[in-house]
Amino acid sequence: MDKKICTDIDTESYHGAASVPVYQTSLFTFPTFREFTEAQKKEREQYVYTRGVNPTVNVLEYKLASLERGEQCKCFGSGMGAISSIFLSLLQNGDHVIFMNHIYGPTKELAGLLEKFGITSVFIENDPKELEAAIQPETKMIYTESPGTMLMKVLDLQDTAAIAKRHNITSVIDNTWSTPLFQKPLTLGFDITVHSLTKYIGGHSDLVGGAVIGRADMIDHIFKDGFQLGGSVLSPHDAYLVLRGLRTLPVRLEQHETNASHIVDYLRTKQAVKQVHHPSLYTDSAPFLSEQMLGFSGLISFELEEGGFENVSRFIDSLDLFKIGVSWGGFESLVTSPLKDDNAEQLKAGGLPPDLIRLSVGLEGYEMQIQDLEQAFSTIS
């Protein structure tokens, strides 16, 4: 593939345009039928149809692979499209998957769906000893998040990857929480990283996308089966929006981290708070974090001392700056809870406190954010 199409450093390819053009096209035409048929033979490299490769998307893929220190990247129309492609491409009937640490809810649902295709799984905590004990002869994949969804627990990625390699098991991590700027699992031995581009990398709450990054042969396999046959295509325009988000990612993450640090300190002073969950609080108990993570983003959760649906609802409804909504990683501050009016016991069984509240700390400034939290706490004290 022409290197000039893979990077926007050489503006000569785009007639001097400072920003990569949006190749908003579904197909590419050819001067002769022979050239067309030759291109079809290499559809994962040549521009034939945007359900394969597209110049704008290629630039994004090149940049994400570079940031993660991976050989190749494939982008998808959503984070779940990216995650699904990994399982559908690399697993088959009879295989076994170990899900380690607390995993994103829809990924857990997908694991249940895979059982009807003969792919079994087990969910464990973040203990390497438990991982060793969970490995079976049929285990083909270890899938993890670190920090984990909701409780932000961490695990030693280098140790986990070493265990996977010793048993010839593919290791996969959802690295959305940290982004490639704060954590690079491929350099610690992982085979594949996956991202929801919807979150910090996009950063503006105006797109949905996903990415898978790793060795070229493995990503090519995922490209051929999980992407082209699954059809979860990232549009050229959304790829452009992600590229725009990448330009400000370092400064945005710095602000997210600063705001979150102040809010963590504030929450730990509140009598109404039972426990705060954020990886910055685990540096003493998890010394590997100093080598593994270069920073901490703005996703925080905490438990109320006096829980229950009514108390959680009252607190969340009293917030003004923090808007109620799913997702995280955008410019705006958001709040949510896994609690519903009928699922407290189900949450406990799944290892989640029923009085848990999650904050996605945005860019507004920690003074305003703390002021909003303070007035919400006054309604439940």
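Residues numbered from 1 in each chain as written. Predicted model: local features only at pLDDT ≥ 70, side-chain atom pairs only at ≥ 80, totals over all residues. Heavy atoms only, no water.

### Overview of the overall build of the chain
We apply this condition: Per the convention used, a helix needs a DSSP run of H or I reaching at least four residues, while a strand needs a run of E reaching at least two, with both numbered from the N terminus. Note on classification: 1.4 Å probe, protein chains only; a residue is buried when its accessible area is under 20% of the maximum for its type, exposed when over 50%, partly exposed between these limits. The contact criterion used throughout is that any non-hydrogen atoms of two residues lie within 4.5 Å. Per-residue accessibility takes into account occlusion by the displayed protein chains alone, with areas from the Shrake-Rupley method and a 1.4 Å probe.
Within the chain, the regular secondary structure consists of 14 helices and 12 strands. In terms of overall dimensions, the chain has a C-alpha envelope of 75 × 50 × 40 Å along the principal axes. In the chain, buried positions account for 54% of the 381 residues. Restricting the contact set of the chain to residue pairs at least 6 apart, pairs at least 24 apart contribute 73%. Accessible surface for the chain amounts to roughly 16900 Å². Of this, 51% is attributable to carbon and sulfur atoms.

### Quick notes on the side chain of Asp238
Stated formally: His is not counted, nor are the chain ends, whereas Lys and Arg count as positive and Asp and Glu as negative. Salt bridges, as used here, are contacts in which a Lys or Arg side-chain nitrogen is within 4 Å of a carboxyl oxygen on Asp or Glu.
Among the secondary structure elements, Asp238 is positioned in helix α10 (residues 236-267). We note that Asp238 is buried and unpaired, the nearest opposite charge coming from Arg244 at a distance of 8.8 Å. The residues touching Asp238, leaving out its near neighbours within four places in the chain, are Leu207 and Val208.

### Description of the packing of aromatic side chains
Note the following rule: Aromatic contacts are taken between Phe, Tyr and Trp rings whose centres are within 6.5 Å, Trp giving its six-membered ring; a plane angle under 30 degrees counts as stacked, one over 60 as edge-to-face, and the others as tilted. The criterion is that NZ of a Lys, or CZ of an Arg, lies within 6 Å of the ring centre and within 35 degrees of the ring normal, and then a charge sits over that ring.
Applying the stated criterion to the full structure yields 14 aromatic pairs. For the ring pair Phe28 and Tyr47, a centre distance of 5.4 Å and an interplane angle of 35° mean the geometry is tilted. Taken together, the positions of Phe28 in the loop between α1 (3-6) and α2 (33-41) and Tyr47 in the loop between α2 and α3 (55-68) put the pair 19 residues apart, joining distant regions of the chain. A relative accessible area of 17% places Phe28 in the buried class. Taken together, Phe87, Phe99, Phe123 and Tyr143 form an aromatic cluster joined through their ring pairs. Over the ring of Phe123 we find Lys108; its NZ or CZ atom is 5.5 Å from the centre of that ring.

### As for the pairing of strand β3 (residues 120-124)
Just so we agree on the cut-off: Any two strands are treated as partners once DSSP identifies two or more bridges connecting them. By the criterion used throughout, a crossover qualifies as right-handed when its path from the first strand across the helix to the second strand runs clockwise, the strands pointing away from the viewer.
With 5 bridges joining them, strand β2 (residues 96-100) and β3 adopt parallel strand pairing. Bridging across to β3, Met100 finds its partner in Ile124. With helix α5 (residues 105-114) bridging β2 and its parallel neighbour β3, the resulting β-α-β unit is right-handed.

### Some remarks on the pairing of strand β1 (residues 72-76)
Within β1, 4 of the 5 residues are buried, which leaves the element mostly enclosed by the surrounding structure. Note: β1 against strand β7 (residues 210-214), 5 bridges, orientation antiparallel. By the bridge assignment, Cys73 is partnered in β7 with Ile213.

### Some remarks on the sheet that holds strand β5 (residues 170-174)
The line we're drawing: Interaxial angles span 0 to 180 degrees and are taken between N-to-C directions of axes, which are lines fitted to C-alpha atoms, for helices over the stretch in contact.
Spatial strand order, β1-β7-β6-β5-β4-β2-β3: 7 strands in an open sheet with mixed pairing. This sheet does not close on itself; its edge strands, each paired only once, are β1 and β3. Across this sheet, the average inter-strand angle for adjacent strands is 20°, counted without regard to direction. Contacting β1, β2, β4 (139-145), β5, β6 (192-196) and β7, helix α4 (residues 79-90) runs over the sheet at an angle of about 150° to β6.

### Some thoughts on the confidence of the model for the chain
This is how it is decided: Across the chain, each position has a pLDDT score giving the predictor's confidence in that residue, from 0 to 100.
Mean pLDDT for the chain: 94, with 97% of residues reaching 70 or above. For residues 1-9, every residue scores under 50 in pLDDT, and the model assigns this stretch 24 contacts once sequence neighbours within four places are set aside.

### Brief notes about the sheet that holds strand β11 (residues 334-336)
Reading across from one edge, β8-β9-β12-β11-β10 is the order of the 5 strands in this open sheet, with mixed pairing throughout. The open sheet has two free edges, formed respectively by β8 (273-277) and β10 (323-324), since each of these has just one partner strand. Relative to strand β12 (residues 356-360), β11 runs antiparallel, the two being bridged by 3 bridges. Looking at β12, one finds that Thr336 is bridged to Arg358. The sheet contacts of α10 involve β8, β9 (299-304) and β12, and relative to β9 the element is tilted by about 10°.

### Side note on the nonpolar core
Short version of the rule: Nonpolar cores are built from buried Ala, Val, Leu, Ile, Met, Phe, Trp, Tyr and Cys residues. Side-chain atoms within 4.5 Å join them into one set.
Of all hydrophobic cores here, the largest spans 35 residues; its most connected members are Leu60, Leu64, Cys73, Cys75, Trp177, Leu197 and Ile201. Those elements that provide at least two residues to this core are α3, β1, β7 and α10. With 7 residues, the top contributor of residues to this core is α10. In contact with Cys75, not counting residues within four places along its chain, are Val57, Leu60, Glu61, Leu64, Leu197, Gly210, Ala211, Phe227, Ser232 and Leu234.

### What to know about the packing of α3 against α10
Short version of the rule: Crossings are classed by handedness, with left-handed meaning an anticlockwise turn of the near helix from the far one by less than a right angle and right-handed meaning a clockwise turn. Under the scheme applied, nonpolar residues are Ala, Val, Leu, Ile, Met, Phe, Trp, Tyr, Cys and Pro; charged residues are Asp, Glu, Lys and Arg; polar residues are all the others, including Gly.
Interaxial distance between α3 and α10 falls to 8 Å at its minimum, and their mutual angle equals 35°. Both α3 and α10 take part in a crossing whose hand is left-handed. In this structure, α3 contributes Thr56, Val57, Val59, Leu60, Lys63, Leu64 and Leu67 to the contact, and α10 contributes Pro236, Ala239, Tyr240, Val242, Leu243 and Leu246. For the contact of α3 with α10, a count of residues per class yields 11 nonpolar, 1 polar and 1 charged.

### A short note on the state of the cysteines
Selection criterion: Working definition: a disulfide is two cysteine sulfur atoms within 2.5 Å of each other.
Overall, the coordinates contain 0 disulfides when judged by the stated rule. Free cysteine: Cys75, not disulfide-bonded; nearest cysteine sulfur from Cys73 at 4.1 Å.

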